[in-house]
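# Chains, contacts and geometry: an overview
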Amino acid sequence: QVQLVESGGGLVQPGGSLRLSCSVSAVSGNIRSINAMAWYRQAPANQRELVAIVASDETTRYADDVQGRFIISKDSAKNIMYLQMNNLKPEDTAVYYCNVDSQYIPDYGPEWRSINWGQGTQVTVSS
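Quick notes on the rules
Sequence order as written defines the numbering, with residues in each chain counted from 1. Local features in a predicted model are, by the rule used here, given only for residues with pLDDT of at least 70; side-chain atom pairs are given and counted only at 80 or more, and totals for whole chains, interfaces and linings are based on all residues. Neither water nor hydrogens contribute to the side-chain values; these are computed over all heavy atoms in the structure. Between any two strands, pairing holds if DSSP finds at least two bridges. Under the DSSP-based scheme used, a helix requires at least four consecutive residues in state H or I and a strand at least two consecutive residues in state E, with every element numbered from the N terminus. The definition used for a disulfide is geometric: two cysteine sulfur atoms within 2.5 Å. Relative accessibility decides the category of a residue: with a 1.4 Å probe and only protein chains considered, values under 20% of the type maximum give buried, values over 50% give exposed, and everything between is partly exposed. A pair is scored as a salt bridge if a Lys or Arg side-chain nitrogen falls within 4 Å of a carboxyl oxygen belonging to Asp or Glu. Buried residues of nine kinds, namely Ala, Val, Leu, Ile, Met, Phe, Trp, Tyr and Cys, make up a nonpolar core once their side-chain atoms join them within 4.5 Å. The contact criterion used is simple: two residues touch if any of their non-hydrogen atoms lie within 4.5 Å. For the purpose of charge, His is not counted, nor are the chain termini; Lys and Arg are scored as positive and Asp and Glu as negative. In protein, a polar contact requires one atom able to donate a hydrogen and another able to accept it; more generally it is a pair of N or O atoms within 3.5 Å, and residues adjacent in sequence count only if both atoms are side-chain atoms. Every angle, taken between N-to-C directions, lies between 0 and 180 degrees, and every axis is a line fitted to C-alpha atoms, over only the stretch in contact when it is a helix.

### Thoughts on the pairing of strand β3 (residues 18-26)
- Across six bridges, the pairing between strand β1 (residues 2-7) and β3 is antiparallel. Counterpart to Val2 in the pairing with β3 is Ala26.
- Where β3 lies against strand β8 (residues 80-85), six bridges are found, and the strand directions are antiparallel. By the bridge assignment, Cys22 is partnered in β8 with Met81.

Given below as structure tokens:
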């Protein structure tokens, strides 16, 4: 089973910065490859929305309201994804989730595509 763990959230003032991280590991079996990694966020009473995504070829794409402020990156050797968030605004307040699309090899059985979510990390931007 593929496991994702987010960290780095917290309370910051408007204009501040945070760096989120997402560690990817296989509790059982093995991850053969990662197709794409992404950050999503969900504010109270709102739908979960895509914030940023990075593909296996390192191509990136951002939501319009975070363009120029957020940077998504990854360390493929360590299977860690990051989201550097700068010039944070109150409207950035949300639970941020890591999402990984991978090719997973279970201990028993054939390889299959696995899409997994982390538990989320809270980001609160307030004065």
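This is not the end of the story, as more comes after the structure.
### Topic: the state of the cysteines
- Applying the stated criterion to the full structure yields one disulfide.
- Each disulfide pairs two cysteine sulfurs, and for Cys22 the partner residue is Cys98, the sulfurs being separated by 2.0 Å. Sign of the S-S torsion, about -75 degrees for the bond between Cys22 and Cys98, identifies this disulfide as left-handed. With a gap of 76 residues between them, Cys22 in strand β3 and Cys98 in strand β9 (residues 94-105) connect regions that are remote in the sequence. Both residues of the pair, Cys22 and Cys98, belong to the buried class.

### A word on the pattern of salt bridges
- Summed over the entire model, instances satisfying the criterion amount to six salt bridges.
- Between Arg32 and Glu111 there is a salt bridge, with the nearest N and O atoms lying 2.9 Å from each other. Taken together, the positions of Arg32 in strand β4 (residues 30-42) and Glu111 in the loop between β9 and β10 (112-117) put the pair 79 residues apart, joining distant regions of the chain.
- With relative accessibility at 34%, the residue Glu111 sits in the partly exposed group.
- For Asp101, the salt bridge identified is with Arg113, shortest N-O distance 2.5 Å.

### Observations regarding the nonpolar core
- With 29 residues, the main nonpolar core has Trp39, Leu83, Met85 and Tyr96 as its most contacted residues.
- Elements supplying a minimum of two residues to this core: β1, β3, β4, β5 (49-55), β7 (70-75), β8, β9 and β11 (121-125).
- A per-element tally of this core places β9 first, with five residues.
- Excluding residues that lie within four positions of it along the chain, Met85 makes contacts with Gly16, Ser17, Leu18, Leu20, Arg69, Phe70, Tyr96 and Val123.

### Considerations on the side chain of Glu6
- Relative to the helices and strands, Glu6 is located in strand β1.
- Put simply, Glu6 is tucked away with no salt bridge, and the nearest opposite charge, on Arg48, sits 7.5 Å away.
- A distance of 2.9 Å separates a polar side-chain atom of Glu6 from the backbone nitrogen of Gln119.
- Within polar-contact distance, the side chain of Glu6 engages the backbone nitrogen of Gly120 at 2.9 Å.
- Those residues in contact with Glu6, other than ones at most four positions away along the chain, are Ser21, Cys22, Trp39, Tyr96, Tyr97, Cys98, Gly118, Gln119, Gly120 and Thr121.

### Quick word on the pairing of β10
- As paired elements, β9 and β10 share six bridges and run antiparallel to each other. Residue Asp101 lies in a different strand from β10, and its bridge partner there is Ile115.
- Counting the residues in the hairpin turn of β9 and β10 gives six residues, including Gly109, whose phi is positive at 110 degrees.

### Details of the sheet that holds β3
- Reading across from one edge, β1-β3-β8-β7 is the order of the four strands in this open sheet, with antiparallel pairing throughout. If you trace the sheet from one side to the other, it starts and ends with β1 and β7, each paired once. With direction set aside, neighbouring strand axes in the sheet form an average angle of 15 degrees.

Function-wise, these values are silent; they only describe arrangement.
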